[in-house]
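Structural overview for review
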Amino acid sequence: MCGIIGIVGKADVQPLLIEGLRRLEYRGYDSAGIATLSNGSIVRRRASGKLVNLETVLAQDPAAGRIGIGHTRWATHGAPTEINAHPHADERVVLVHNGIIENFQDLRRELTGAGCVFATETDTEVIVHLISQHLGEGLTPQEAVAKALKRLRGAFALAILFAGHHDLMIGARHGSPLALGYGEGEMFLGSDALALAPLTNRISYLEEGDWVEINGAGATIHDASGQVVERAIKLTASSGALIGKGNFPHFMLKEIYEQPTVMGEALHTLLNPWNDVIVLPPVPFDITRVSRITLIGCGTSYHAALVAKYWFETIARIPVEVDIASEFRYRSPDLPPGGLAIFISQSGETADTLAAMAYARAQGQHTVSIVNVAESSMARQAEVSLQTHAGPEIGVASTKAFTTQLTVLACLVIGFATRRGCLDRDTQKRYCRALTEVPSRANEVLNHDGLLAEIAREVAEARDVLYLGRGTGYPIALEGALKLKEISYIHAEGYAAGEMKHGPIALVDERMPIIVIAPSDALFEKTASNMQEVIARGGRVVFLSDAEGIQRLGTMAAATVELPKVDPFVAPILYTIPAQLLAYHVAVIKGTDVDQPRNLAKSVTVE
């Protein structure tokens with residue numbers, strides 16, 4: 001969600017700004033723009049829509065300069081138009097902003113009363129006028145920014161330029177991430193390390209409340225009180241190569257097919273296949289004394305948490321609460337002494353999840369993060385951080401990040417259960433061996449891609465789709481429905497199969513596809529009964545099961561997809577993949593933007 005790139009360079013920065021913005025496209029956006037300084041003046045170019053529209057503008061009217069900022073905007077305040085696109089500017093100041101200024105209405109009224117004229121509908125424009133007003137009072141750019149920051153409430157990451165100051169950029173971070181890159185006679189700002197990867201691998205991360213003065217020679221970082229501070233410079237592992245689709249038509253399909261590999265990478269970090277044991281990193285608390293676990297996530301990560309709840313409670317025998325991050329702290333829950341809070345996020349920058357982590361820490365909880373970005377805020381703030389090793393995920397609809405989250409959570413559950421004495425050695429081996437087989441079984445699932453593309457033709461004609469599952473299949477039903485909604489724009493809902501008679505069965509008719517997730521486990525007979533109920537009412541069932549389940553019930557379904565017979569423990573990981581492929585092919589048939597669906601952003605960095 002929104003992306004920032006800033007460069008204090010030695011040559012024309014326009015092409016580098018565009019390259020940086022292209023690497024930020026995965027975050028989701030609906031307009032883009034850049035600004036540079038040339039001959040003492042601000043030069044600004046913006047366009048609504050995709051980055052190619054901005055490139056067309058720049059081809060006709062370049063923005064030359066050795067210092068510049070760029071932005072991809074996901075609209076919050078104000079429509080996604082050129083006038084509302086960043087950068088925002090007056091004659092003195094130009095800046096880009098990620099986040100939301102919560103008190104912008106009060107500031108706008110105050111500034112309008114002081115004679116400022118607003119050109120946009122955005123909250124960001126108040127920051128421009130506020131800084132410019134302080135410059136008009138005779139303050140230096142540094143003094144004007146420091147004074148303005150004290151007036152802002154909400155979340156923001158900022159990159160700011162000043163007319164006539166060709167060797168000065170100021171960045172600031174409060175609630176939204178901002179990375180500082182070090183080059184040779186050059187300096188950089190970016191929303192994340194991926195944006196800066198072609199430019200430098202030497203990165204610092206601004207901490208909460210920090211602001212930084214940047215010039216070609218280096219940077220001076222100030223904390224929230226204005227004191228000069230040092231922040232560690234790290235070597236980032238982000239690739240300098242621009243991520244490509246290879247031979248795949250979409251990033252999403254490429255990432256679905258990468259799942260066997262990246263799940264293997266995740267397993268290699270936690271599972272020793274030679275003796276079938278889970279090797280957890282050192283933790284600064286006693287696992288045997290954890291009284292309750294709180295699992296927190298948003299969207300797809302929330303569904304991973306729901307699967308993990310079943311695992312932790314049935315295998316490790318620990319009570320678990322699962323919460324949507326955006327709701328968690330507003331209940332002001334009392335968390336038990338010695339409790340553990342686990343936070344799940346692809347980006348590690350999700351604003352709601354970070355806020356939930358801060359609440360849990362204030363309540364004295366131990367904290368573990370499960371993230372895909374090693375340098376992310378969540379990874380740095382948690383006591384223990386487990387990496388999913390999914391690699392860059394460009395498609396907005398999460399696929400490989402989800403299955404690697406489940407893989408890491410499964411390892412964590414086995415590790416906890418073993419240390420708590422809840423698993424005998426034979427069961428521990430069985431679970432580890434089941435996990436070891438997951439990558440190869442996932443490859444087998446991918447062989448059904450053609451069949452799922454055929455099934456998608458009928459699903460694409462539907463107005464509504466239901467997904468049903470029991471046990472760990474229920475969160476996969478929720479995830480399957482979310483994927484279909486996200487990229488095909490078809491209304492879909494996931495339900496616990498046993499809830500059908502409590503209302504949803506009223507929706508079933510001959511026009512409704514129903515995706516049934518039913519591995520032949522201990523709950524199979526219960527799910528089968530619910531499946532028969534919807535078939536009796538004309539529902540057209542797509543039946544996802546193994547050979548045993550299909551032999552018993554497959555002839556009743558409109559379509560069947562046979563998945564490998566696996567231990568029920570790992571079934572939710574594998575049963576995710578056909579749901580992803582089905583959603584993908586439906587979206588392709590409907591002609592939607594698969595990788596960047598409307599209104600969505602990859603990294604949700606505001607509430």
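Everything numeric here is computed off the predicted structure, so don't read it as measured data. (Residues numbered from 1 in each chain as written. Predicted model: local features only at pLDDT ≥ 70, side-chain atom pairs only at ≥ 80, totals over all residues. Heavy atoms only, no water.)

On to the domain arrangement of the protein chain, then. Interface size is commonly expressed as the accessible area that is lost once the parts come together. Assigned domains of the protein chain: these are domain 1 (3–235), domain 2 (245–423) and domain 3 (439–597). Computed from C-alpha coordinates alone, the two centres of domain 1 and domain 2 are separated by 32 Å. At the interface, 6 residues of domain 1 touch 7 residues of domain 2. For the interface between domain 1 and domain 2, the tally reads 0 residue pairs in polar contact (both at pLDDT 80 or more). The class makeup of the residues in the side of domain 1 that touches domain 2 is 4 nonpolar, no polar and 2 charged. (Domains from an automatic or database assignment. Contact = heavy atoms within 4.5 Å. Polar contact = N/O pair within 3.5 Å; in protein donor to acceptor, adjacent residues only side chain to side chain. Nonpolar A, V, L, I, M, F, W, Y, C, P; charged D, E, K, R; others polar.)

Inspection of helix 5 (residues 141–149) places Pro 141, Ala 144, Val 145, Ala 146, Ala 148 and Leu 149 among the buried residues, and these make up the whole buried set. Elements that come into contact with the buried residues of helix 5 comprise helix 4 (125–136), strand 7 (154–162), strand 8 (169–174) and strand 12 (211–215). (Buried < 20%, exposed > 50% of the residue type's maximum accessible area, 1.4 Å probe, protein only. Helix = DSSP H or I, 4+ residues; strand = E, 2+ residues; numbered from the N terminus.)

For the rest of this paragraph, the subject is the sheet that holds strand 18 (residues 293–297). In space, the 5 strands of this open sheet follow the order 19-18-20-21-22, with parallel pairing throughout. At either margin of the open sheet sits one strand with a lone partner, and together these are strand 19 (320–324) and strand 22 (384–387). For this sheet, the mean angle separating the axes of adjacent strands, direction not counted, is 20 degrees. Bridge analysis of strand 18 against strand 20 (residues 340–345) gives 4 bridges, and the strand direction is parallel. Bridged to Leu 295 within strand 20 is Ile 342. Against the sheet, helix 11 (residues 351–362) touches strand 18, strand 20 and strand 21 (366–371), its axis set at about 170 degrees to strand 20. Sitting on the sheet, helix 13 (residues 400–419) is in contact with strand 18, strand 20, strand 21 and strand 22, with an inclination near 160 degrees to strand 20. (Pairing = 2+ DSSP bridges. Axes fitted to C-alpha atoms, helices over the stretch in contact; angles between N-to-C directions.)

Another aspect to go through is the pairing of strand 19. With 5 bridges connecting them, strand 18 and strand 19 associate as parallel partners. What sits directly across from Ile 293, in strand 19, is Val 320. Once you follow strand 18 into helix 9 (residues 300–316) and on to strand 19, the crossover reads as right-handed. (Right-handed = clockwise from strand over helix to strand, strands pointing away.)

Now for helix 14 (residues 425–446). The end-to-end C-alpha distance of helix 14 is 32 Å, a good match for the 32 Å that 22 residues give at a rise of 1.5 Å each. When the local axis directions of helix 14 are compared, the greatest deviation, roughly 45 degrees, occurs at Val 438, which is followed within four positions by the proline Pro 439. Among all positions of helix 14, only Thr 427, Gln 428, Tyr 431, Cys 432, Ala 434, Leu 435, Val 438, Pro 439, Ala 442, Val 445 and Leu 446 are buried. Taking the backbone nitrogen of Asp 426 as reference, a side-chain oxygen 3.2 Å away marks Asp 424 as the first, capping residue of helix 14. (Expected span 1.5 Å × (residues − 1). Bend = angle between axes of the 7 residues up to and from the residue.)

Okay, the environment of Gln 60 next. Along the chain, the position of Gln 60 falls in helix 2 (residues 51–60). For the pair formed by Gln 60 and Ala 434, sequence separation is 374 residues and the distance between their alpha carbons is 58 Å.

So, on to the packing of aromatic side chains. For the coordinates displayed, the defined rule picks out 5 aromatic pairs. An aromatic cluster is defined as three or more aromatic residues linked by ring pairs; in this entry it consists of Trp 311, Tyr 431 and Phe 569. Looking at Arg 598, its charged tip hangs above the ring of Tyr 489, at a distance of 3.8 Å from the centre. (Phe/Tyr/Trp six-rings, centres within 6.5 Å; stacked < 30°, edge-to-face > 60°. Lys NZ or Arg CZ within 6 Å of the ring centre and 35° of its normal.)

Here the residue pair His 86 and Pro 87 is connected by a cis peptide bond, since its omega of 0 degrees sits within 30 degrees of zero. Note that Pro 87 resides in the loop between strand 4 (67–73) and strand 5 (88–89). In this structure, Asp 276 takes a positive phi of about 55 degrees despite not being glycine. Its place among the elements puts Asp 276 in the loop between strand 16 (271–272) and strand 17 (277–278). At His 389, a residue that is not glycine, the phi angle is positive and equals roughly 60 degrees. On the secondary structure map, His 389 appears in the loop between strand 22 and helix 13. Judged by relative accessible area, which is 35%, His 389 ranks as partly exposed.

This next bit is on the nonpolar core. Counting residues in hydrophobic clusters, the biggest one holds 93 residues, and the most contacted among them are Ile 293, Leu 295, Trp 311, Phe 312, Ile 342, Phe 416 and Leu 435. The next biggest cluster of nonpolar side chains, apart from the first, holds 28 residues, and it includes Phe 118, Ala 144, Leu 149 and Ile 160. (Core = buried A, V, L, I, M, F, W, Y, C linked by side-chain atoms within 4.5 Å.)

Under the local residue numbering, the UniProt record ascribes the feature "active site" (unreviewed entry) to Cys 2 and Lys 602. Within the element layout of this structure, Cys 2 appears in the segment before strand 1 (3–8). (UniProt positions renumbered as here; feature names shortened; annotations may be inferred.)

The next point concerns the side chain of Asp 276. With relative accessibility at 5%, the residue Asp 276 sits in the buried group. Within the local environment of Asp 276, its side chain forms a polar contact with the side chain of Arg 433, the two groups lying 2.8 Å apart. Dropping the residues within four chain positions of it, Asp 276 is found in contact with Arg 425, Gln 428, Lys 429, Cys 432 and Arg 433.

If you trace the backbone, Asp 323 turns up in strand 19. Judged by relative accessible area, which is 10%, Asp 323 ranks as buried. Ignoring anything within four residues of it in the chain, the contact list for Asp 323 reads Leu 295, Ile 296, Gly 297, Tyr 302, Phe 328 and Arg 331. Reaching out from Asp 323, the side chain makes a polar contact with the side chain of Arg 331 at a distance of 2.7 Å.

What follows concerns the packing of helix 9 against helix 13. Close contact between helix 9 and helix 13 brings their axes to 9 Å; oriented N to C, the two are set at 20 degrees. Here helix 9 lies roughly parallel to helix 13, going by the angle between them. Remark: the crossing between helix 9 and helix 13 carries right-handed chirality. Here Thr 300, Ser 301, His 303, Ala 304, Val 307, Ala 308, Trp 311, Phe 312, Ile 315 and Ala 316 of helix 9 come into contact with helix 13, specifically with Phe 402, Gln 405, Leu 406, Leu 409, Ala 410, Leu 412, Val 413, Phe 416 and Ala 417. The residue inventory of the contact of helix 9 with helix 13, partitioned by class, reads 15 nonpolar, 4 polar and no charged. (Parallel < 35°, antiparallel > 145°, perpendicular 65-115°, else oblique. Left-handed = near helix turned anticlockwise from the far one by under 90°.)

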